[in-house]
Amino acid sequence: MQGLLDTAIAGRMDELSPEQIERLAAHLDESLEAAALLADATPPMMVGSANAVALPTEREWSRVWSGVESAGAARVERVRRGRVIRFTQSFAALAACVGIVFMMQRAGIVQRADVTQLASGVEIRELDVAAGYTAKIDLDEDGGSAVIWIYEDASDEGV
Amino acid sequence: MNSPDPASVEQLELRIVAAAAKGDRGAQRELFERYREAAYVVAFRITGRQEDALDVVQDAFIKAFERLAEFAGDASFKTWLLRIASNRSLDLLRARKVRLAASLDQGDEDGGGPEPMADDEPELTPGAELEQRELAARVQAAVDRLPADQRSVFAMYAAGEMTYGDIATALGVPIGTVMSRLFHARKKLAEMLGDLAPRGSG
């Protein structure tokens, strides 16, 4: 097997038979060491003109490069537009939220946190608490403000 | 004269690739100039057509520059680029076969022969030019008859300066497979083009 590998590394693979090539290929699949030895070898060039390819002209290369450049510029523009759109969408969403809150405040649905209006003339008719608790209402002297105390039945301290 | 240190050459290329990944047009142009021919040879050998090969080269560089941030550097940029070119070429080939099959069903035929050479070739005598065209056409016609897997390995090999390892990495196949496919491709081409070999060569 080493002889076959040496022949391939030396660029003389054409001297081997198809069966030898298949045996060597199977060996290369199994042996990382052997594969590493062949990995750095360059296949032999074919005799004759099999490698000759008529290359494009400079004009054709310029056309190809223009296409590559245009695609790159279009991609940059797409990324930039994507950022602008995302910013605009975020800004629009934020503005919409602010607008909704503003309209809700004007309609009295939402109260500003810094302006608290106490309800007046409210009569509490019934106050339910969970089992094991007792509620007590204390009114101030002028009957204005009320404090609702909730007691645990086993304790005299307010919760 | 001393040849450049391979390590410094590799470091220079890594810097160019890094700059290209950041959108440096000059660096991208440098990579294009360096590897356009190798990509073209691979594409031409697989597709057999000049216009298709040019389209493949353009697509390959566009895709390579788009994905340059993903390029890990474990293979060379050339190997990576040629893999993209090879895959794109095979896609074109498959699409062409589908179109050809469809057109044959309808009673038409797609001209599948090798493309003529470009118009603005370096000046040759008329006789030499004709001979070169005929030679190139014969070679490509022979390559076109290879199975797709052998054709892609051969195309990579024909790009030049590719080791077995480079080809295996570019195509994503084991080295033994590369060797086997290349062996069979060369044998078939030698049978079809044996009369082109110079006398005394082997």
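Structural notes, computed from the coordinates. Keep in mind it's a predicted model, so treat the numbers as computed, not measured. (Residues numbered from 1 in each chain as written. Chains lettered and ligands numbered in written order. Predicted model: local features only at pLDDT ≥ 70, side-chain atom pairs only at ≥ 80, totals over all residues. Heavy atoms only, no water.)

A word on a nonpolar patch on the surface
For step 1, the next point in the chain: A surface patch of nonpolar side chains, about 680 Å² in accessible area, is lined by V122, I124, L127, V129, Y133, I137, L139 and I148 of chain A.
For step 2, the next point in the chain: The topology assignment puts I148 of chain A in strand β2 (residues 146–152). (Patch = residues over 30% accessible without salt bridge, like charges linked within 9 Å, V, L, I, M, F, W, Y side chains within 5 Å. Areas by Shrake-Rupley, 256 points an atom, 1.4 Å probe, with all protein chains shown as cover. Salt bridge = Lys/Arg side-chain N within 4 Å of Asp/Glu carboxyl O. Helix = DSSP H or I, 4+ residues; strand = E, 2+ residues; numbered from the N terminus.)

Remarks on the packing of aromatic side chains
For step 1, the next point in the chain: Scanning all chains against the criterion turns up nine aromatic pairs over all chains.
For step 2, the next point in the chain: Measuring from centroid to centroid gives 6.0 Å for W61 of chain A and Y40 of chain B, while their planes differ by 80 degrees, and the two rings are edge-to-face. With W61 of chain A in helix α4 (residues 58–106) and Y40 of chain B in helix α2 (residues 25–47), the pair connects residues from two separate chains. A single burial state applies to W61 of chain A and to Y40 of chain B, both of which are buried.
For step 3, the next point in the chain: Relative to F32 of chain B, the ring of W65 of chain A has its centre 5.1 Å away and its plane inclined at 40 degrees; by these criteria the two rings are tilted. Of this pair, W65 of chain A sits in helix α4 while F32 of chain B sits in helix α2, placing the two residues on different chains. Across this residue pair, the class does not change: W65 of chain A and F32 of chain B are buried.
For step 4, the next point in the chain: What links up through ring pairs into an aromatic cluster is the set W61 and W65 of chain A together with F32, Y40, F44, F61 and F65 of chain B. (Phe/Tyr/Trp six-rings, centres within 6.5 Å; stacked < 30°, edge-to-face > 60°. Buried < 20%, exposed > 50% of the residue type's maximum accessible area, 1.4 Å probe, protein only.)

Observations regarding helix α2 (residues 18–30) of chain A
For step 1, the next point in the chain: Helix length check: α2 of chain A, at 13 residues, gives a terminal C-alpha distance of 19 Å against a target of 18 Å (1.5 Å per residue), a fit within 8%.
For step 2, the next point in the chain: Of the residues making up α2 of chain A, those classed as buried are I21, L24, A25 and L28 of chain A. Projected down its long axis, α2 of chain A shows its buried positions confined to an angular sector of 105 degrees, all on one face. Facing away from the buried side of α2 of chain A by more than 90 degrees, the exposed set consists of E19 and E30 of chain A.
For step 3, the next point in the chain: Contacts from the buried residues of α2 of chain A go to α1 (2–9) and α3 (32–39) of chain A together with α8 (175–193) of chain B. (Expected span 1.5 Å × (residues − 1). Arc of directions from axis to C-beta. Contact = heavy atoms within 4.5 Å.)

A short note on the nonpolar core
For step 1, the next point in the chain: Grouped together as the largest cluster of nonpolar side chains are 81 residues, with contacts concentrated most on L38 of chain A together with F77, F154, Y164 and M179 of chain B.
For step 2, the next point in the chain: Other than its neighbours up to four places away in sequence, F77 of chain B contacts E13, V17, L31, Y35, A64, F65, L68 and F71 of chain B. (Core = buried A, V, L, I, M, F, W, Y, C linked by side-chain atoms within 4.5 Å.)

Section: the pattern of salt bridges
For step 1, the next point in the chain: Going through the model one piece at a time under the given rule, you end up with twelve salt bridges over all chains.
For step 2, the next point in the chain: E30 of chain B is the salt-bridge partner of R34 of chain B, the closest N and O atoms lying 2.8 Å from each other. With R34 of chain B and E30 of chain B both in helix α2, this residue pair falls four residues apart, about one helical turn.
For step 3, the next point in the chain: Linking R36 of chain B and E33 of chain B is a salt bridge whose minimum nitrogen-to-oxygen distance equals 3.4 Å. On the criterion of helical spacing, the pair formed by R36 of chain B and E33 of chain B is a turn pair, its members being three residues apart in helix α2.
For step 4, the next point in the chain: Judged by relative accessible area, R36 of chain B falls into the buried class, the value being 6%.
For step 5, the next point in the chain: The exposure class assigned to E33 of chain B is partly exposed, which follows from its relative accessible area of 35%.
For step 6, the next point in the chain: Taken together, the salt bridges that share partners define one network made up of E58 of chain A together with R29, E33 and R36 of chain B.

Looking at the side chain of E60 of chain A
Residues and elements named next belong to chain A.
For step 1, the next point in the chain: Its location among the elements puts E60 in helix α4.
For step 2, the next point in the chain: Buried and unpaired, E60 has R63 as its nearest opposite-charge partner, separated by 5.0 Å.
For step 3, the next point in the chain: At a separation of 2.9 Å, a polar atom in the side chain of E60 contacts the main-chain amide nitrogen of T57. (Lys, Arg positive; Asp, Glu negative; His and termini not counted. Polar contact = N/O pair within 3.5 Å; in protein donor to acceptor, adjacent residues only side chain to side chain.)

Comments concerning the interface of chain B and chain A
For step 1, the next point in the chain: The interface is formed by 50 residues belonging to chain B together with 48 residues belonging to chain A.
For step 2, the next point in the chain: Both faces combined, the contact of chain B with chain A buries some 4400 Å², and carbon together with sulfur accounts for 66% of it.
For step 3, the next point in the chain: Counting across the chain B and chain A interface gives three salt bridges.
For step 4, the next point in the chain: Residue E51 of chain B is joined to R63 of chain A by a salt bridge in which the shortest nitrogen-to-oxygen separation is 3.6 Å. (Buried area = accessible area lost by both parts, 1.4 Å probe.)

Side note on the environment of I16 of chain B
All names here are of chain B.
For step 1, the next point in the chain: Tracing the backbone shows I16 in helix α1 (residues 6–21).
For step 2, the next point in the chain: Taking the C-alpha atoms as reference, I16 lies 5.4 Å from A27; in sequence the two are eleven residues apart.
For step 3, the next point in the chain: When sequence neighbours within four positions are dropped, the list of residues in contact with I16 reads A27, E30, L31 and R34.

Considering the environment of R181 of chain B
Residue and element names in this part refer to chain B.
For step 1, the next point in the chain: By the secondary structure assignment, R181 is in helix α8.
For step 2, the next point in the chain: The partly exposed category is assigned to R181, whose relative accessible area is 23%.
For step 3, the next point in the chain: Spatially, the C-alpha atom of R181 lies 5.1 Å from that of Q150, the residues being 31 residues apart in sequence.
For step 4, the next point in the chain: Sequence-distant contacts of R181, that is, excluding residues within four places in its chain, are made with D149, Q150, V153 and V173.

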